[in-house]
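# Summary of the model geometry
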Amino acid sequence: MKKTNTRKIIAVLAAVAVLCCTGCAGMKDIRDMNILSFNMKSLSLRGLEDISATLEATVDNPARNITVESLDGTAFRNGKALGTFLVQPFTIPGRDTSEVEIDCRLAIDKDFPALELMGIASHFNADEFTVDITLKARIGKGACHKVSFKEIPLKYFIDNSNALRNGQNY
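Per an unreviewed UniProt entry, the protein goes by the name LEA type 2 family protein and belongs to Candidatus Cryptobacteroides excrementavium.

### Side note on the overall build of the protein
Across its full length, the protein holds 4 helices and 8 strands. Counting from the amino terminus, the protein carries its helices and strands in the arrangement α-α-β-β-β-β-β-β-α-β-β-α. Each of the 170 residues in the protein was classed as buried or not, and the buried ones make up 44%. A total of about 8400 Å² of accessible surface is found on the protein, and carbon and sulfur atoms cover 47% of it.

### Examining helix α3 (residues 114-122)
Within the span of α3, buried status applies to Glu116, Leu117, Ile120 and Ala121. Burial along α3 is one-sided: seen end-on, the buried residues are contained in an arc of 150°.

### Focus on the environment of Met40
With respect to the helices, strands and loops of the structure, Met40 is situated in strand β1 (residues 34-46). With 62 residues separating them along the chain, Met40 and Ile102 place their C-alpha atoms 9.6 Å apart.

### Concerning unusual backbone geometry
Keep in mind that most residues, glycine aside, have a negative phi and that most peptide bonds are trans. For Asn78, which is not a glycine, the phi torsion comes out positive at approximately 50°. Its place among the elements puts Asn78 in the loop between β3 (66-77) and β4 (80-87). By relative accessible area, Asn78 is classed as exposed at 53%.

### A few points about the side chain of Ser98
Within the element layout of this structure, Ser98 appears in strand β6 (residues 96-108). Residue classification places Ser98 among the buried positions, given a relative accessible area of 12%. Setting aside residues up to four positions removed in sequence, Ser98 forms contacts with Ala57, Thr58, Val59 and Pro93.

### Remarks on the pairing of β3
Looking at chain direction, β3 and strand β5 (residues 90-92) are connected through 3 bridges and run antiparallel. What sits directly across from Val68, in β5, is Phe90. Here β3 runs beside strand β7 (residues 129-139); their pairing, made up of 11 bridges, is antiparallel. Within β7, the position partnered with Asp72 by the bridge is Thr134. Sheet topology note: the β3/β4 ladder contains 7 bridges and is antiparallel. Bridged to Asp72 within β4 is Leu86. Linking β3 to β4, which pair antiparallel, is a turn of 2 residues; within it Asn78 sits at a positive phi near 50°.

### Concerning the pattern of salt bridges
By the definition in use, this model includes 8 salt bridges. For the salt bridge of Arg138 with Glu69, the shortest nitrogen-to-oxygen distance reads 2.8 Å. In this pair, Arg138 is assigned in strand β7 and Glu69 in strand β3, connecting sequence segments 69 residues apart. The partly exposed category is assigned to Arg138, whose relative accessible area is 26%. The partner of Glu116 in a salt bridge is Arg77, with the nearest N and O atoms 3.5 Å apart.

Here is what the cut-offs are and how they apply
- Residues numbered from 1 in each chain as written.
- Predicted model: local features only at pLDDT ≥ 70, side-chain atom pairs only at ≥ 80, totals over all residues.
- Heavy atoms only, no water.
- Helix = DSSP H or I, 4+ residues; strand = E, 2+ residues; numbered from the N terminus.
- Buried < 20%, exposed > 50% of the residue type's maximum accessible area, 1.4 Å probe, protein only.
- Areas by Shrake-Rupley, 256 points an atom, 1.4 Å probe, with all protein chains shown as cover.
- Arc of directions from axis to C-beta.
- Contact = heavy atoms within 4.5 Å.
- Pairing = 2+ DSSP bridges.
- Salt bridge = Lys/Arg side-chain N within 4 Å of Asp/Glu carboxyl O.

Structural data, given as structure tokens:
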């Protein structure tokens, strides 16, 4: 599998994770959070079984601290489950622009054809992917909010990275 395309997949999943944080509260300043950049710090492949990555995002958060307690979901390609992903808990510091480290893992579904997986690596097309996401986050010391999104096109997050900040719901 080509590392460049695998990095794109992991980067997009991490972007989804951070972008979903903006949808967990009704406060205007949370929606004003900006993701300024993404960098891949590490990438680890374990055959055709799973992909682990550590990403670093630069986030401008004008609100209080946001703690993502759990974030997981399923990635689909053309309606077939590609695999499940899990993001380790992380905190986005409030009232600051900071670097946030995000550890994530994508476990490839055992029924997903290996040849199709190789095709993704050689020709990544975001139009073919959708994600289901469940996110639990806490703003400051407040109550934990749980948000679920179903069948969100990956292309939606790429083309409309500020859609959640603007209060749009998919």
